[in-house]
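Chain residues, written in single-letter form:
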Amino acid sequence: MRELVREIVHALEAGTPAELVAVTEASGSTPRGAGALMAVFPGGRALGTIGGGNVEYEAQRLAAELLESGGSALRHFRFVQGDAASLGMVCGGGVTLRFQYLPAGDANAVAVLRDLMEASGGNLDTWLVLNVQEETAAMGTADRNGPRHLETPPEDLFSLLRNKPALAGAWLAIPMVRAGRVYIFGGGHVSRALVPAIAAVGFRPVVYDDRPEFADPALFPRAEAVLSGDFTKISGQITLTADDYVVIMTRGHQADYEVLTGTLRSGVKYLGCIGSKKKLALCRERLLAAGFTAEEYAKVHAPIGLPIGAETPEEIAVSVTAELIAVRAGLPGT
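This structure is a prediction, so every number in the text was calculated from the model and none was measured. (Residues numbered from 1 in each chain as written. Predicted model: local features only at pLDDT ≥ 70, side-chain atom pairs only at ≥ 80, totals over all residues. Heavy atoms only, no water.)

Draft legend 1. Fine view of the sheet that holds strand β14 (residues 245-248). Read across the sheet, 5 strands follow the order β13-β12-β11-β14-β15 without closing on themselves; strand pairing throughout is parallel. The strands lining the two open edges of the sheet, one partner per strand, are β13 (225-228) and β15 (270-273). Mean inter-strand twist for the sheet, computed between neighbouring axes without regard to direction, equals 15°. Bridge analysis of strand β11 (residues 182-185) against strand β12 (residues 205-209) gives 4 bridges, and the strand direction is parallel. Pairing of V182 across the sheet is with P205, part of β12. (Pairing = 2+ DSSP bridges. Helix = DSSP H or I, 4+ residues; strand = E, 2+ residues; numbered from the N terminus. Axes fitted to C-alpha atoms, helices over the stretch in contact; angles between N-to-C directions.)

Draft legend 2. How the structure looks around the sheet that holds strand β10 (residues 171-177). Ordered by their spatial adjacency, 5 strands build an open sheet running β8-β7-β6-β10-β9, and the pairing between neighbours is antiparallel. Every interior strand has two partners, whereas the edge strands, β8 (146-148) and β9 (166-168), have only one. Looking at each pair of strands side by side, their axes are set apart by 30° on average, direction ignored. With 4 bridges connecting them, strand β6 (residues 126-131) and strand β7 (residues 139-143) associate as antiparallel partners. Of the residues in β7, the one forming a bridge with V129 is G140. In the packing of helix α3 (residues 107-119) onto the sheet, the strands contacted are β6, β7, β8 and β10, and the crossing angle to β7 comes to about 30°. (Contact = heavy atoms within 4.5 Å.)

Draft legend 3. Main features of the pattern of salt bridges. In total, this model carries 13 salt bridges according to the counting rule given. A salt bridge links E7 to R45, with the nearest nitrogen and oxygen atoms 3.6 Å apart. One end of the pair, E7, is in helix α1 (residues 2-13); the other, R45, is in the loop between β2 (37-40) and β3 (46-48), and 38 residues separate them in sequence. According to the relative accessible area criterion, E7 is partly exposed, its value standing at 23%. R61 serves as the salt-bridge partner of E65, at 2.9 Å between the closest nitrogen and oxygen. With E65 and R61 both in helix α2 (residues 53-69), this residue pair falls 4 residues apart, about one helical turn. Classification of E65 as partly exposed rests on a relative accessible area of 43%. (Salt bridge = Lys/Arg side-chain N within 4 Å of Asp/Glu carboxyl O. Buried < 20%, exposed > 50% of the residue type's maximum accessible area, 1.4 Å probe, protein only.)

Draft legend 4. Structural context of the pairing of strand β5 (residues 94-102). Burial within β5 is extensive, with 8 of its 9 residues counted as buried. Relative to β5, strand β1 (residues 18-27) is paired through 9 bridges, and the arrangement is antiparallel. The residue of β5 that forms the bridge with S27 is G94. Here strand β4 (residues 73-78) runs beside β5; their pairing, made up of 6 bridges, is antiparallel. Each bridged residue has a counterpart across the sheet, and for R75 the counterpart in β5 is L97.

Distances and angles like these do not, on their own, reveal function.
See the structure below:
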């Protein structure tokens, strides 16, 4: 999303228009749900995706036509095999797409998108708010404090500000910036594989290690920050919140125990610890002996990640990333 927003801003400021394509509604089985975004530029260049396949091909074709005429549109596509009016896909659902023309130099669009770019560097949930009616092109942003760049915001705005894209009447709210960071304790091989994996799906990784040579920003180019310090003094550099995630991947049992001691009662959204069942059992015993309760330890995702048989650092990174996505989405059992 960040790259998509940045590229649209650069195009508009350079004198190039763009067509913003958004999935406003999805029913049945579809490649992407509401809130998926794609931008199409003159010459056919596209960024982002609304699901691929025929629907994306047709959307890009229509977006190119609308770019030529400077138009916006609302279109519905069906995925029903054998239906002459459908795209011939077998998904069995349908999507409604909003095509919004963004003129070169559009001051409001640039202001909205720059607002999102600035918000991505902060720690506040932020939504892109779009009027999806064909005859209008209102767009703005919103957070829990209220709307921005909208002359007439939706009356039920705050009911739209959810964990997932929400549509009510003419308005669609898409979560673009999510509060909270993923604090990764330990800068080893698995952490080096995990940082780019979670950054690619919108998480904001921060790496912390007590060894300066492992807390080298050059090792983690996709990390928001890389910190070095004693594992027993985490609070001196980090203030954990209920929006944050903690991933413990230190070099050994003692360091794991130190980080768990400092984070177990932090109230973070997610707390996971890598390691064998034997190592984790030893950690649990020490924590219980230190005064922590079994209920508190039960909040720890251990072993970490979804059970996909991961072995290599890259496979473990996929497993952990999948679990973080599930927690962020609020899936039952996570």
